[in-house]
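# A structural walkthrough
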Amino acid sequence: MNAEPLAQRKSPESRLLIKLVLFPCLMFGFGFLLIPLYDVFCEITGLNGKFDLSPSIIDTQSSIQSDTLLSSQQGIISHKVILQFTSASDQQDVWNFQPAASQLEVMTGQQYKTHFTLHNPTNAVMEFTSIPSISPGLAAEYLIKTECFCFQKQILQAGEKVEMPVVFQLRNDTPKDYKKLTLAYRIYATPYRSTAHVR
Amino acid sequence: MTTITSEHSSAPATGIRRWLYTTNHKDIGSMYLIFSLVMLLIGGSMALLIRSELFQPGLQLMQPEFFNQMTTLHGIIMVFGAIMPAFVGMANWLIPMMVGAPDMALPRINNWSFWLLPFAFGMVLSTLFMEGGAPNFGWTFYAPLSTTYAPPSVTFFIFSVHIMGISSVMGAVNVIATIMNMRAPGMNYMKMPMFVWTWLITAFLLLAVMPVLAGVVTMMLMDIHFATSFFDAAGGGDPVMFQHIFWFFGHPEVYIMILPAFGIVSHIIPTFARKPLFGYHSMVIATSSIAFLSFIVWAHHMFTVGMPLVGELFFMYSTMLIAVPTGVKVFNWVATMFRGSMTFETPMLFSIAFVVLFTIGGLSGLMLAIAPADFQYHDTYFVVAHFHYVLVPGALFSIIAGVYFWIPKWTGVMYNESMGKFHFWLSFIGVNLTFFPMHFIGLAGMPRRIPDYALQFADFNMVASIGAFLFGLSQLIFVYNIIQCMRQRGCPASPQVWEGAEGLEWTVDSPAPYHTFQTPPNLDNLRSPTGHN
């Protein structure tokens, strides 16, 4: 009963005005929407070689089984890929962040373990965030990491030196075009804020 | 003599209150235009400081930090303080008169959107005196330069961008509401003057992208003060995303700065060629196409960030596509002049220079659009030459042409024609002397935004600096001409002003009375812009 007269009371001019005010508000929101859209865009195009920063929870045994199943069905057999590791940091010479091996020859479908070393020579407790990236970017979906120091922040005591493990496997359906992949880590150091994290 | 005062008093208030409280579109238009002239002179002085430093290689006058502050403020002030308010000022003055409306649709908002600007730019300029100096990250304020490594004054910069954005959005809402609701009876969309059309489209662009700019500076603010990581890779953000969001605003923004210019030139050339505008409908369609395309080409500003090949190709081809509607416009202007009875008064001289020099800027834009070649041109003086060719002899020349064209209507006094012509020739020579050599030093590899450069670029830089001073100082003639008109020094202008002028604004007296078209005009005797009827 109320709806009709209310709608009629609004002149076309004020309805236009409402639209004109609403539209910029929506566009303001759209600016923020661009961020998730950008992530989707990166995933599709392989931009940045971004991948999921959470451990793959699939049980290795069953995943291998399903992969074997997949390969037997489609006739894909395990093949060799060279995986290179690079490391970078905002202060490379200070943190001495290095991969244990600069490259590994890996077979798809097999699990491997390697590690990176990191040294905190300063007198302060430091906190490290590691951002991984894979190149070529589109290969990101084929790398499964079951354990990685990049999943959470690392806290290093003054003078501490650590070996940080990465456990990974390449999916069996990794295309054969990918003969050489590069897994790059960049670490960002910030002074440890004791209130923020309790270990 | 007795006057009848009604609730709607018709005479302007006196003194400063007239300007503070005014809701009259002509007063607000004048304030916008004067404000943008002041900003043009401030931004221009900064450009001259930049060119003085670049007169010779080595550091002579200033430190690199200050140089960076100058390039940043020069860009921000020219884009948001000079070009955009000048067009809004013209929209205020002309759109109601061109569509036969008594005023803008939302006069109080109109007042507010103007009075925000002095505060916004007062704040921008005040950063020069703050500890850590003014913003120094370039007018494109790429993160993390503008977040992690920014001077403390960046917060003031962000806030003033917010205010400018609110002002622009309110101005755009006003323009759309005026055009859609307040046209005189009988003026349908396809009878609207081109300036009104281009501004309608520009206003929609403003509504669409200014909020995105507000969004991106808000994200910067949150990154700086609230520990978010929109653009910080350490927290999972991405600095490249800043560039995507910025240029999603930024590319439509460059059309915001050129579409009204197209409108102005589409009035002046027919007037002095004494022929109706050639291809009115195609002009409207071309303007709309340019506006649409502007939303899907943004990444051509960032070919070198590492995009997938498909992305490079998409943005390359869509960018080149813009040359088609722009070419339609250029050919239409040329066809309007073709076999016309042309005379070369100052507005026409500036308009013809606009057509020629804007085309040069457009062609260098096409060169930059070629993704593989752009890797050579990126961030060199070639880019500087390109966008100055479209913004100075493009947007700015059209504004100057428009001011000469309509100032008799605004003030009731003809400007000094010989000084106008003198201003034109000095500006024309100055602008080319300044920006043409930049093409060469850019192709040779001189990077932009540096206070010092390699010796082989010295000669062309010296030429450019001399040209810049010639151009900059010749604007004082323009200022003198404007002040003389405002002081009513000169021959009184007739209502028609120009022999070939067409349109409703030329049917009212010169100077235009404080209130015009309080009753809607009769359009029966008016020739429509298409030349029929």
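Residues numbered from 1 in each chain as written. Chains lettered and ligands numbered in written order. Predicted model: local features only at pLDDT ≥ 70, side-chain atom pairs only at ≥ 80, totals over all residues.

This paragraph deals with the overall build of chain B. Across its full length, chain B holds 16 helices and zero strands. Overall size of chain B, expressed as C-alpha extent along the three principal axes, is 70 × 50 × 45 Å. Every one of the 533 residues in chain B was classed for burial, and the buried ones make up 54%. Taking all contacts inside chain B whose residues are at least 6 apart in sequence as the whole, residues at least 24 apart take part in 82%. (Helix = DSSP H or I, 4+ residues; strand = E, 2+ residues; numbered from the N terminus. Buried ≥ 20, exposed ≤ 12 C-beta atoms within 10 Å, placed from the backbone. Contact = placed C-beta atoms within 7 Å.)

Helix and strand content of chain A: four helices and nine strands. Taken across its 199 residues, chain A has 24% of its residues classed as buried. Across chain A, contacts joining residues at least 24 apart in sequence account for 75% of those joining residues at least 6 apart.

Glancing now at the packing of helix α14 (residues 381-411) of chain B against helix α16 (residues 458-486) of chain B. For any two helices packed against each other, one specifies the crossing angle of their axes together with the interaxial distance. Residue and element names in this part refer to chain B. Where α14 contacts α16, the two axes come as close as 10 Å, and the packing angle between them is 15°. Looking at the two axes, α14 sits roughly parallel to α16. Between α14 and α16 lies a crossing whose hand is left-handed. Contacts from Ile400, Val403, Ile407 and Thr411 in α14 reach Phe478, Ile482, Cys485 and Met486 in α16. (Axes fitted to C-alpha atoms, helices over the stretch in contact; angles between N-to-C directions. Parallel < 35°, antiparallel > 145°, perpendicular 65-115°, else oblique. Left-handed = near helix turned anticlockwise from the far one by under 90°.)

Residue and element names in this part refer to chain A. As paired elements, strand β1 (residues 80-89) and strand β3 (residues 103-107) share five bridges and run antiparallel to each other. The partner of isoleucine 82 across the bridge, within β3, is glutamate 105. Pairing of β1 with strand β9 (residues 180-191), which is carried by eight bridges, proceeds in the parallel orientation. Its bridge partner being in β9, serine 89 is matched across the sheet by isoleucine 187. (Pairing = 2+ DSSP bridges.)

Our next topic: helix α5 (residues 154-181) of chain B. Taking 1.5 Å per residue, 28 residues should reach 40 Å; α5 of chain B reaches 40 Å between its end C-alpha atoms and fits that length. Among the 28 residues in α5 of chain B, 20 count as buried, and that is most of the element. (Expected span 1.5 Å × (residues − 1).)

Residue and element names in this part refer to chain A. Across the sheet, which stays open at both edges, the five strands sit in the order β3-β1-β9-β5-β7 with mixed pairing between neighbours. The sheet is open, and its two borders are formed by β3 and β7 (154-156), each paired with just one other strand. Recorded for the sheet is a direction-independent mean angle of 30° between the axes of neighbouring strands. Across 10 bridges, strand β5 (residues 126-135) lies against β9 in antiparallel orientation. Opposite serine 135, over in β9, you have threonine 182 as the bridge partner.

A separate point is the packing of helix α12 (residues 346-369) of chain B against α14 of chain B. Residue and element names in this part refer to chain B. With their axes 8 Å apart at the nearest point, α12 and α14 run at an angle of 160° to one another. As judged from the angle between their axes, α12 and α14 are roughly antiparallel. In this structure, the crossing between α12 and α14 has a hand that is left-handed. For the contact of α12 with α14, the class distribution of residues is 19 nonpolar, nine polar and no charged. (Nonpolar A, V, L, I, M, F, W, Y, C, P; charged D, E, K, R; others polar.)

Another aspect to go through is the interface of chain A and chain B. Contacts between the two partners involve 22 residues from chain A and, on the opposite side, 25 residues from chain B. Ranked by residues supplied to the side of chain A that touches chain B, first place goes to helix α2 (residues 12-45) of chain A with 16 residues. Per-class residue counts for the side of chain A that touches chain B are 16 nonpolar, five polar and one charged.

Next up on the list: the sheet that holds strand β4 (residues 111-119) of chain A. Residues and elements named next belong to chain A. Taken together, the four strands give an open sheet; going across it, the order is β2-β4-β8-β6, and neighbouring strands pair in antiparallel fashion. The strands lining the two open edges of the sheet, one partner per strand, are β2 (98-99) and β6 (143-148). Two strands pair when backbone bridges link them, and β4 and strand β8 (residues 161-170) are joined in this way by nine bridges, in the antiparallel orientation. Bridging from a neighbouring strand, lysine 113 pairs with valine 167 of β8.

What follows is about the nonpolar core. Formed by 178 residues in total, the largest nonpolar core has its most connected members in Ile83, Val196, Val216, Val265 and Ala401 of chain B. With 22 residues, the single largest contributor to this core is helix α3 (residues 64-99) of chain B. For valine 196 of chain B, the residues in contact, after removing those within four places along its chain, are Ile95, Met98, Val99 and Ile179 of chain B. Residues Phe128, Ala140, Leu156 and Met164 of chain A belong to the second largest nonpolar core, which totals 27 residues. (Core = buried A, V, L, I, M, F, W, Y, C linked by C-beta atoms within 7 Å.)

Attention now goes to the confidence of the model for chain A. When pLDDT is averaged across chain A, the result is 76; 74% of the residues are at 70 or more. Taken together, the stretch residues 58-73 of chain A has pLDDT below 50 and engages in 12 contacts with residues farther than four places along the chain or on a different chain. (pLDDT = per-residue confidence, 0-100.)

Examined against the element boundaries, glutamate 253 of chain B turns out to sit in helix α7 (residues 239-256). For glutamate 253 of chain B, a count of 24 C-beta atoms within 10 Å corresponds to the buried category.

Residues and elements named next belong to chain A. Within the secondary structure layout, lysine 179 lies in the loop between β8 and β9. When the C-alpha atoms of lysine 179 and leucine 83 are compared, they prove to be 8.5 Å apart, with 96 residues separating the residues in sequence. Apart from the residues within four sequence positions on either side, lysine 179 is in contact with Val81 and Ile82.

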